[in-house]
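# Remarks on the overall topology
Residues per chain, in single letters:
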Amino acid sequence: TRNELAGVDIKNGTILWRQEVPAFRGMNILTPVVVGNTIFTSTYRNASFLYRVDRDDNGFSVAEIWRDKKSSGYMSTPVVIDDKIYLHQQNRKISCLDPAVSMVLWTSRKPFGQYWSMVANGDKILALDQKGELLLVHANPEAFTLIDRQEITKEDTWAHVAVANDQIFVRELKAIVAYEW
């Protein structure tokens, strides 16, 4: 939500646990991601957070494992590949985080779009920015590696990119376009 992370019973909607997440003006925008037995999230003008949710006979408990003020996300939901988090930050740079050791492994030198919609496939990340540029990135925990980039539209593209088999679907401002990959 705007101010908390919660676990919900999928069968009946009952809230199983709650954890307050500090957020500037409720800007808790990106979708949290699961990394092993933890949950990663990041909030605008604040920090990135890793939480562990445990269950025992008394129910659920939530513990903050770490928070990192140097890697703050904004709108772009990160992807997880081989237990590493690839995050498009509010400063528009890309970072690779290792949640096991609470460490930023690298940050790109240059900024990219204001927003990235990312999907992962093996060790590749396909990222679409809000200006219609599609980027292919090697998910490498050693260094940022841009494989290719292509402007695919001149229209705004703020929605999530979707991939199905050999097709890429992009919602432009006034249309949905399918590209063959």
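All residue numbers refer to position in the chain's written sequence, counted from 1. In keeping with the model being predicted, local features are shown solely for residues with a pLDDT of at least 70 and side-chain atom pairs are shown and tallied solely at 80 or more, while totals for entire chains, interfaces and linings include all residues. Side-chain numbers come from the whole structure's heavy atoms, not from hydrogens or water.

Below, the discussion takes up the nonpolar core. Soluble globular proteins tend to pack their nonpolar side chains together in the buried interior. If you look at the biggest cluster of nonpolar residues, it comprises 14 residues, and the most contacted ones within it are Tyr86, Trp116, Met118 and Ile125. Once you skip the residues sitting within four places of it in the chain, tyrosine 86 turns out to touch Pro78, Val79, Ile81, Ser95, Cys96, Trp106, Met118, Ile125, Ala139, Asn140 and Pro141. In terms of nonpolar packing, the next biggest core, distinct from the first, is built from nine residues, Val33, Trp66, Leu87 and Leu97 among them. For the purposes of this section, nonpolar cores are sets of buried Ala, Val, Leu, Ile, Met, Phe, Trp, Tyr and Cys residues that join through side-chain atoms within 4.5 Å. A 1.4 Å probe rolled over the protein chains alone gives each residue an accessible area, and that area as a share of the maximum for its type sets the label: buried under 20%, exposed over 50%, partly exposed in between. Contact definition: two residues touch when any of their heavy atoms are within 4.5 Å.

Turning next to the side chain of serine 76. Put simply, DSSP H or I for four residues or longer makes a helix, DSSP E for two residues or longer makes a strand, and each gets a number counted from the N terminus. Within the element layout of this structure, serine 76 appears in the loop between β6 (59–68) and β7 (79–81). The term polar contact refers here to a pair of N or O atoms within 3.5 Å; inside protein, the definition further demands a hydrogen-donor-capable atom paired with an acceptor-capable atom, and it admits residues adjacent in sequence only when both atoms are side-chain atoms. Of note is the side chain of serine 76, whose polar atom sits 3.2 Å from the side chain of histidine 88. Only 2.8 Å separates the side chain of serine 76 from the backbone nitrogen of tryptophan 116, close enough to count as a polar contact. With residues near it in sequence (within four places) discarded, serine 76 still touches Leu30, Leu87, His88, Tyr115 and Trp116.

Overall, antiparallel pairing links the four strands, which are arranged β11-β12-β13-β14 in an open sheet. This sheet does not close on itself; its edge strands, each paired only once, are β11 (116–121) and β14 (145–151). Sheet twist, expressed as the mean angle between neighbouring strand axes with direction ignored, is 20°. For two strands to count as paired, DSSP must find a minimum of two bridges between them. Bridging between β11 and strand β12 (residues 124–129) involves six bridges; their strand directions are antiparallel. Residue pairing for β12: asparagine 121 is matched across the bridge by lysine 124. Between N-to-C directions, angles cover 0 to 180 degrees, with each direction set by a line fitted to C-alpha atoms, over the stretch in contact for helices.

In this structure, the largest pocket occupies an estimated 240 Å³ of space. Here a cavity denotes a set of grid points, spaced 1 Å apart and computed over the protein atoms alone, in which a 1.4 Å probe fits but from which it cannot get out, and a pocket denotes an open set meeting protein on both sides within 12 Å along at least five of seven lines; residues with an atom within 4 Å of a point are reported as lining. For the largest pocket, the full set of lining residues is Leu126, Leu134, Leu135, Leu136, Asp148, Arg149, Gln150, Ile152, Ile168, Tyr179, Glu180 and Trp181. Looking at side-chain class alone, the lining of the largest pocket contains eight nonpolar, one polar and three charged residues. Grid points are joined across faces, edges and corners, and a volume is the space filled by probe spheres set on the points. Classes in brief: Ala, Val, Leu, Ile, Met, Phe, Trp, Tyr, Cys and Pro nonpolar; Asp, Glu, Lys and Arg charged; the others, Gly included, polar.

The next thing to look at is the packing of aromatic side chains. Aromatic ring pairs: the centre-centre distance and the angle between the two ring planes describe each pair. Centres within 6.5 Å make a pair out of two Phe, Tyr or Trp rings, where for Trp the six-membered ring is used; the pair is then stacked when the planes are under 30 degrees apart, edge-to-face when over 60, and tilted otherwise. Counted according to the given criterion, the structure contains nine aromatic pairs. Geometrically, the ring pair formed by phenylalanine 49 and tyrosine 51 is stacked, given 6.0 Å between the ring centres and 15° between the ring planes. Looking at phenylalanine 49, the relative accessible area reads 0%, which means it is buried.

Moving on, we come to unusual backbone geometry. The phi dihedral of arginine 92 is positive, around 75°, even though this residue is not glycine. Tracing the backbone through its elements, the reader meets arginine 92 in the loop between β8 (84–88) and β9 (94–98). Residues other than glycine seldom take positive phi values, yet serine 102 does so here, at roughly 50°. Along the chain, the position of serine 102 falls in the loop between β9 and β10 (103–107). When its relative accessible area of 35% is taken as the criterion, serine 102 is described as partly exposed.

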